[in-house]
Amino acid sequence: MKILVINSGSSSIKYKCFEMPEGHVLASGLCEKIGEPTGRLTRHVGDRDTVTEREFPDHSAALEAVLAGLTGEGGVFERLDEIGGVGHRVVHGGEAYSGSVLIDDDVIAAVRDNIPLAPLHNPPNLLGLEVGRKLLPGVPQVGVFDTAFHQNMPASAYLYALPYELYQEHRVRRYGFHGTSHAYVSKRAARMLGKQPEDLRIITCHLGNGASIAAIKGGRSVDTSMGFTPLEGLVMGTRPGDMDAAIVLFLQDHLGMSAKDVGTLLNKKSGLLGLTGRTNDMREIEAAAANGDERARLAIEVYCHRVKKHIGASTAVLGGVDALVFTAGVGENSSLIRKTCVEGLEALGFTMDLTRNETAPRGVETDVAAADSRVRILVIPTDEEVAIAEETYAVIQK
Ligand code: AMP
């Protein structure tokens, strides 16, 4: 069965088409700058890339072009009705969904209801759902939520110590994100270790431009570093992660910033970008630090200190750990960050083999723990698209 996976952003649609259940990639690509005169559709089929530059006035026009590319000249199948299902990445499913679901009017309404909880992500995700249904009527569409994997967290982990009515009336609580990635790499970790997820306690560190940690017990997320929104937790590319909420009051009361300004500062100008004052790209930060740039060195220290603290917290929540997983752009590729994050955690059972860590091949699942480490330390490439395709296939088979 051919499954099309769609990740619809505010000005882009990323897609990947799979033959399932084998998981073979048939085609992938990105339509970007939707709504601008300089739109661009990049398509990859096999080792061939095709770029089309023209205006895509809206998401409907962009998806239409994606579908035409799949079936037209140089496409990968003949007719659109060969597509057996569409899997959509949806960031916020709120409390309604602890798994993936077939999209119907109720799901669309729930995604819309959750817009206040994910104002940057849910509106473009919703657009993707709507144009998917419009252009591929009759094809089952499945919503795969970033929040779903964390919906089993206990109340002790998801409640903030705020007046309880804020939770009851406004659903102010911790939700957690990157669930598709945490679930995927934890399953891969179990497979690497030759064990069932049910028998393992795993900490997964998704360190990309966005970053979060999950504590996973018996295959279920029992705590995670992101909260009500993707702002909480680790230091990220442009977000600060954990901080004293009184800073927000200070910015407003003493520096006269509006709520909108504070939102921009916290979402777009903080994190690694804020600390270095010039970049959120960890490759550039590592290179600058190696050349003696003090702010870059500090940014790496703050970043790794925070990850280490959350590894410690997750260890306590789990009551012991069998495996620690590093994934996403930074986690998969930076031996320096991995090393710095676990340095000094030997007493807790995390002992890295520094040579294995340094020489871990890119894109390959690798155990970088020392032979006598109590905890296995694994580098596992994440693949959110294949995880969404697997979820979509499973929901349709049901
Ligand atoms: P992601 O959001 O998963 O695509 O990750 C993006 C982040 O990964 C960016 O901050 C990149 O700088 C970082 N990244 C990618 N490759 C490397 C690398 N070789 N070393 C350090 N960071 C990297």
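The structure presented is a predicted model; accordingly, all values stated were derived computationally and were not measured. Numbers given for residues are sequential positions, taken from 1 along each chain in its written order. Per-residue local features are limited, in this predicted model, to residues with pLDDT of at least 70; the limit for side-chain atom pairs, both in listing and counting, is 80 or more; totals at the level of whole chains, interfaces and linings are taken over all residues. Remark: hydrogens and water are excluded; side-chain values derive from all non-hydrogen atoms of the structure.

Q: Outline the overall build of the chain, supporting the account with residue identities and numerical values.
A: Here a helix means four or more residues in a row that DSSP labels H or I, a strand means two or more in a row labelled E, and each is numbered from the N terminus. A count of helices and strands for the chain gives 15 helices and 14 strands. The size measure is the radius of gyration over C-alpha atoms, and the globule rule it meets is 2.2 Å times the number of residues to the 0.38 power. The C-alpha atoms of the chain give a radius of gyration of 21 Å, which matches the 21 Å a tight globule of 398 residues would have. Oriented by its inertia axes, the alpha-carbon framework of the chain measures out at about 60 × 55 × 45 Å. Counting the 398 residues in the chain, one finds 50% classified as buried. Residue burial considers only the protein chains on display, and all accessible areas are found by Shrake-Rupley using a 1.4 Å probe. For the chain, the computed accessible surface area is about 18000 Å², with 51% contributed by carbon and sulfur atoms. Counting 41 positive and 51 negative side-chain charges, the chain places the centres of these two groups 3 Å from one another. Only protein chains enter the accessibility calculation, which uses a 1.4 Å probe; a residue whose area is less than 20% of its type maximum is buried, one above 50% is exposed, and one in between is partly exposed. Counting rule applied: Lys, Arg positive; Asp, Glu negative; His and chain ends not counted. By convention, the point assigned to a charge is CZ for Arg, NZ for Lys, CD for Glu and CG for Asp.

Q: Can you tell me about unusual backbone geometry, naming the residues and giving the values?
A: Only a minority of non-glycine residues have a phi that is not negative, and only a minority of peptide bonds are not trans. With an omega dihedral of 10°, the bond running from Met20 to Pro21 counts as a cis peptide bond. By the element assignment, Pro21 lies in the loop between strand E2 (13-19) and strand E3 (24-32). In this model, Lys33 sits at a positive phi of 55°, which is unusual for a non-glycine residue. Considering the arrangement of structural elements, one finds Lys33 in the loop between E3 and strand E4 (40-45).

Q: Got a sec to walk through helix H1 (residues 59-71)? Specific residues and values, please.
A: With 13 residues, H1 ought to run about 18 Å at 1.5 Å a step, and its terminal C-alpha atoms sit 19 Å apart, in line with that. Turning to H1, the residues buried within the fold contact strand E1 (2-8), E2, E3, E4, strand E6 (83-90) and helix H3 (122-135). The span you would expect from a helix comes to 1.5 Å times its residue count less one. Only heavy atoms enter the contact rule, under which two residues are in contact if any of them lie within 4.5 Å.

Q: Residues and numbers for the side chain of Thr340, please.
A: Mapped onto the elements, Thr340 comes out in helix H13 (residues 335-342). Among the polar contacts made by the side chain of Thr340, one reaches the main-chain carbonyl oxygen of Leu336 at a distance of 2.6 Å. Residues contacting Thr340, with those up to four places away along its chain left out, are Cys304 and Lys308. We define a polar contact as two N or O atoms separated by no more than 3.5 Å, with the added condition that, inside protein, one atom must be a possible hydrogen donor and the other a possible acceptor, whereas residues neighbouring each other in sequence contribute only through side-chain atom pairs.

Q: Account for the site of the ligand, with residues named and values stated.
A: Near is defined per residue: the residue qualifies when any heavy atom it owns lies within 4 Å of the molecule or strand. Taken together, 13 residues sit near the ligand, with Asn209, Asp281, Met282, Arg283 and Gly329 positioned nearest. Residue Asn209 places a main-chain N or O atom 2.8 Å away from an oxygen atom belonging to the ligand. The contact in question runs from an oxygen atom of the ligand to an N or O atom on the backbone of Val330, over 3.4 Å. Contact with the protein chains removes 72% of the 500 Å² of surface that the ligand exposes when unbound. Top contributing element to the shell around the ligand by residue count: helix H12 (residues 328-333), with 4 residues. Here the shell around the ligand is composed, by residue class, of 3 nonpolar, 6 polar and 4 charged. Note on residue categories: nonpolar means Ala, Val, Leu, Ile, Met, Phe, Trp, Tyr, Cys or Pro, charged means Asp, Glu, Lys or Arg, and polar means any other residue, Gly included.

Q: A description of the sheet that holds E4 should follow, citing residues and the corresponding values.
A: Judged by pairing direction, the sheet is mixed, and its 8 strands sit side by side in the order E5-E4-E3-E2-E1-E6-E8-E7 without closing on themselves. Both outer strands of the open sheet, strand E5 (48-53) and strand E7 (101-102), are each paired with one neighbouring strand and no more. Along the sheet, H3 makes contact with E1, E6 and strand E8 (141-145), crossing E6 at roughly 165°. At least two DSSP bridges between two strands are needed for those strands to be called paired. As a rule, the C-alpha atoms of each element are fitted with a line to give its axis, helices using only the stretch in contact, and angles between N-to-C directions run from 0 to 180 degrees.

Q: Can you tell me about the sheet that holds strand E13 (residues 366-367), naming the residues and giving the values?
A: Ordered in space as E11-E10-E9-E12-E14-E13, the 6 strands form an open sheet in which the pairing is mixed. One side of each edge strand has no neighbouring strand; the edge strands of this open sheet are strand E11 (220-224) and E13. Summarising the sheet, strand E10 (residues 211-217) and E11 pair through 4 bridges and their orientation is antiparallel. Within E11, the residue paired with Ile216 across the bridge is Ser221. Against the sheet, H13 touches strand E9 (201-207), strand E12 (323-327) and strand E14 (376-379), its axis set at about 150° to E12.

Q: Can you break down the pattern of salt bridges residue by residue, with the values?
A: Just to be clear on terms, a salt bridge is a Lys or Arg side-chain nitrogen sitting within 4 Å of an Asp or Glu carboxyl oxygen. Enumeration according to the criterion identifies 20 salt bridges in this entry. Residue Lys14 is joined to Glu385 by a salt bridge in which the shortest nitrogen-to-oxygen separation is 3.7 Å. Of the two residues, Lys14 sits in strand E2 while Glu385 sits in helix H15 (residues 384-397), which places them 371 residues apart along the sequence. Beyond isolated ion pairs, a larger network of salt bridges with shared partners links Glu95, Arg171 and Arg173.

Q: With reference to specific residues and values, describe the nonpolar core.
A: The set of buried Ala, Val, Leu, Ile, Met, Phe, Trp, Tyr and Cys residues whose side-chain atoms join them within 4.5 Å is what this entry labels a nonpolar core. Counting 44 residues, the largest nonpolar core has Ile203, Leu207, Tyr303, Ile311, Leu324, Ile337 and Phe350 as its most contacted members. Counting residues in each nonpolar core, the second largest holds 26 residues, with Phe149, Ile388, Ala389 and Tyr393 among its members.

Q: I'd like a rundown of the pairing of E9, residues and numbers included.
A: Two faces make up the sheet, and in a regular strand the side chains alternate between them. Counting buried positions along E9 gives 6 out of 7 residues, so the element sits mostly inside the fold. Of the strand pairs in this sheet, E9 and E10 are connected by 7 bridges, and their pairing is antiparallel. Bridging from a neighbouring strand, Ile202 pairs with Ile216 of E10. As consecutive antiparallel partners, E9 and E10 are separated by 3 residues. Direction of pairing for E9 relative to E12: parallel, over a ladder of 5 bridges. Looking at E12, one finds that Ile202 is bridged to Ala323.

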